[in-house]
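A closer look at the structure
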Amino acid sequence: MNRMAQACVMIFFGAAVLRASVTDLYLRYVKEGLRPFLIAASLLLIAVAVMTLWYELRPHADAPEDRHEHAHHEPRVAWLLLLPALGLLLLAPPALGSYAAGQAGTALTAEQDYGYDYPPLPAGDPATTSVFDYAARALFDKGQSIGNRRVQLTGFITPGPDGQPILARMILSCCAADGRPVKLGLAGDVPTGLANDTWIQVTGRYTDRVTRDPINDEEIPYIDVESWRQVTAPKDPYE
């Protein structure tokens, strides 16, 4: 692979990253706030590649031996750099779901209980909040900041410790590689007959019922479900 070929690969790779960044595809890999950095990095790759092509294609006044040095080749294995770019362009991998949730313990651990004062829930009935926020209030605030208010949560179905369906949502620190599940048991009107990774929206109230995650032995709180409905997966599947 000569320098012109390397520049073409860089343009191809930069274009693939740029395409993922200007669509919602990047949300399968990283948090939403990283989009500007991805766009900047892809534009930088393309700019460097274009400058390399311009340098290689412009007339050179070098001696023949100098031109021979410019034409040296790199190992052919460098062409493998095309594979990640092809993956971005041709494949749309699914977001982390029930399989990933079943392989990891719940992300909420006893070490995270710092005794915070939780702010009031959002206005409205029911109050729309995240799986993470409800689970943290249920575990660490013992539901005091929830009270008797109804809450509405959205997540996907995954098998619980007892084989019954539970609600889960993956959270990211940076990217999908560090994704961890927040798990929530379902009491009351428990959904039945749904396949794993089915997205649902549940409405319910706080209950002090908890169970243990067999993977890391941390507590999993429950929600007392009053109603639920199947929904499409959100644009950003992570919290």
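For the structure itself, consult the block above.
Worth saying up front: this structure is predicted, and the values here are computed from it rather than measured.

Observations regarding helix α1 (residues 3-22)
Here α1 is 20 residues long and its end C-alpha atoms lie 28 Å apart, about the 28 Å a rise of 1.5 Å per residue gives. Among the residues of α1, Ala5, Ala7, Val9, Gly14, Ala16, Val17, Ala20 and Ser21 are the ones counted as buried.

Quick notes on the environment of Gly185
Structurally, Gly185 can be placed in strand β4 (residues 180-188). For the pair formed by Gly185 and Pro159, sequence separation is 26 residues and the distance between their alpha carbons is 9.8 Å.

Some details on the pairing of β4
Burial analysis of β4 places 7 of its 9 residues in the buried class, the great majority of the element. By the bridge criterion, 6 bridges tie strand β3 (residues 165-171) to β4 in an arrangement that is antiparallel. Along β4, the bridge assignment pairs Arg169 with Val182. Here β4 pairs with strand β6 (residues 219-230) via 4 bridges, running parallel. Bridging from a neighbouring strand, Gly188 pairs with Val225 of β6.

Overview of the pairing of β6
Bridge count between strand β5 (residues 199-212) and β6: 10 bridges; the pairing is antiparallel. From the neighbouring strand, Thr211 faces β6, where its bridge partner is Ile220. Linking β5 to β6, which pair antiparallel, is a turn of 6 residues; within it Asp217 sits at a positive phi near 60°.

A few points about the side chain of Gln201
As for its position among the elements, Gln201 is in strand β5. The buried category is assigned to Gln201, whose relative accessible area is 16%. With sequence-adjacent residues up to four places away left out, Gln201 is seen in contact with Gln152, Leu153, Thr154, Ser227, Trp228, Arg229 and Val231.

Topic: unusual backbone geometry
Geometrically, the link from Asp125 to Pro126 is a cis peptide bond, its omega value of 5° lying close to zero. For Pro126, the position within the fold is in the loop between α5 (98-103) and β1 (127-128). The backbone of Lys142 sits at a positive phi, close to 55°, despite the residue not being glycine. With respect to the helices, strands and loops of the structure, Lys142 is situated in the loop between α6 (131-140) and β2 (151-159). You will see that Asp217, though not glycine, has its phi angle at about 60°, which is positive.

Focus: α6
Judged by how many residues are buried, α6 sits mostly within the fold: 9 of 10 residues are covered. Of all the residues in α6, the buried ones are Val131, Asp133, Tyr134, Ala135, Ala136, Arg137, Ala138, Leu139 and Phe140. Just beyond α6, the residue with positive phi is Lys142, at close to 55°.

With respect to the pattern of salt bridges
As enumerated under the stated definition, the model contains 7 salt bridges in all. The partner of Arg150 in a salt bridge is Asp125, and the shortest N-O contact between them spans 3.1 Å. Here Arg150 is found in the loop between α6 and β2, whereas its partner Asp125 is found in the loop between α5 and β1, with 25 residues between them in sequence. A relative accessible area of 59% means that Asp125 is categorised as exposed. Here Glu219 and Arg212 are joined by a salt bridge, their closest N and O atoms 4.0 Å apart. Beyond isolated ion pairs, a larger network of salt bridges with shared partners links Asp125, Arg150, Arg205 and Glu226.

The rules we used
Residues numbered from 1 in each chain as written. Predicted model: local features only at pLDDT ≥ 70, side-chain atom pairs only at ≥ 80, totals over all residues. Heavy atoms only, no water. Helix = DSSP H or I, 4+ residues; strand = E, 2+ residues; numbered from the N terminus. Expected span 1.5 Å × (residues − 1). Buried < 20%, exposed > 50% of the residue type's maximum accessible area, 1.4 Å probe, protein only. Pairing = 2+ DSSP bridges. Contact = heavy atoms within 4.5 Å. Salt bridge = Lys/Arg side-chain N within 4 Å of Asp/Glu carboxyl O.

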